[in-house]
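# Understanding the architecture of this molecule
Next come the chains, spelled out residue by residue.
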Amino acid sequence: CHSNIPTLCVPGRIDKILMESRLEKLVHSESSKHQQHVKVINGLQGYRLHLQNNIQPLESSMFKVVKTTEIDQEIEFTDGFHPGSVVVLQVSLAERAASSVQEIRKQLVKFGYRGNNESVTDTDEELSSFSSIIRDLSFADLNRILYRCN
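Keep in mind that what you see is a predicted model, and the values were worked out from it rather than measured. (Residues numbered from 1 in each chain as written. Predicted model: local features only at pLDDT ≥ 70, side-chain atom pairs only at ≥ 80, totals over all residues. Heavy atoms only, no water.)

## A word on the overall build of the protein chain
Put simply, the rule reads: A run of H or I in DSSP counts as a helix once it spans at least four residues, and a run of E counts as a strand once it spans at least two, with each numbered from the N terminus. Residue burial is assigned from relative accessible area. The probe radius is 1.4 Å, only protein chains are included, and a residue is buried under 20% of its type maximum, exposed over 50%, and partly exposed in between. In this analysis, two residues are considered to be in contact whenever any of their non-hydrogen atoms come within 4.5 Å of each other. Exposure was quantified through the Shrake-Rupley algorithm and a 1.4 Å probe, taking into account, for residues, occlusion by the shown protein chains and nothing else.
Scanning the protein chain from N- to C-terminus turns up three helices and six strands. Out of the 150 residues belonging to the protein chain, those deemed buried represent 20%. For the protein chain, contacts bridging at least 24 residues in sequence account for 66% of all contacts bridging at least 6. Of the roughly 11,700 Å² that the protein chain leaves accessible, carbon and sulfur atoms contribute 53%.

Put into structure tokens, the structure is as follows:
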């Protein structure tokens, strides 16, 4: 465990690590001053880049998952996570949150929102019933419904 960094709670489920990288100074390298090349872009000498792409959380050299619940995962950084390290995670919503988002999108269809999910459909009868209700609402009514309900 890296004692200076607290554990991190990640809402949802970590699907994979898209990228993790860090620079490591080579101990046997000469600490010469950087000289810019006239024709090509060159970088610092004496450093090695450690880069891993598309790996599973168990393969990470920078953190480990220490706790998993149905709504989140807690990760603890290891000694492999140095200053300047970068970790990019692909995270999916927890099951309960995903179903809530799906329900919100279903309701937004009634207002004309299609988003990226065309599979959410309602019958014409439901749409006309909903339309007849909201057609007669004023902005004050909508304000009360949207922002002052329990």
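## Things to note about the packing of aromatic side chains
For clarity, the cut-off: In summary, the pairing rule links any two rings of Phe, Tyr or Trp, Trp by its six-membered ring, whose centres are within 6.5 Å, and it sorts them by plane angle into stacked for under 30 degrees, edge-to-face for over 60 and tilted for everything else.
Tallying each qualifying case throughout the model produces one aromatic pair. Seen in terms of ring centroids, Phe77 and Phe81 are 4.5 Å apart; in terms of plane orientation they differ by 40°. Their pairing is tilted. Exposure class is identical for Phe77 and Phe81. Each is buried.

## A look at the pattern of salt bridges
Here is the rule: The working definition used for a salt bridge is a side-chain nitrogen of Lys or Arg within 4 Å of a carboxyl oxygen of Asp or Glu.
The tally for this structure, following the rule as stated, stands at two salt bridges. In this structure, the salt-bridge partner of Lys64 is Glu76, at a minimum N-O distance of 3.8 Å. In this pair, Lys64 sits in strand 4 (residues 63-68) while Glu76 sits in strand 5 (residues 72-77), placing the two residues twelve residues apart along the sequence. A relative accessible area of 41% places Lys64 in the partly exposed class.

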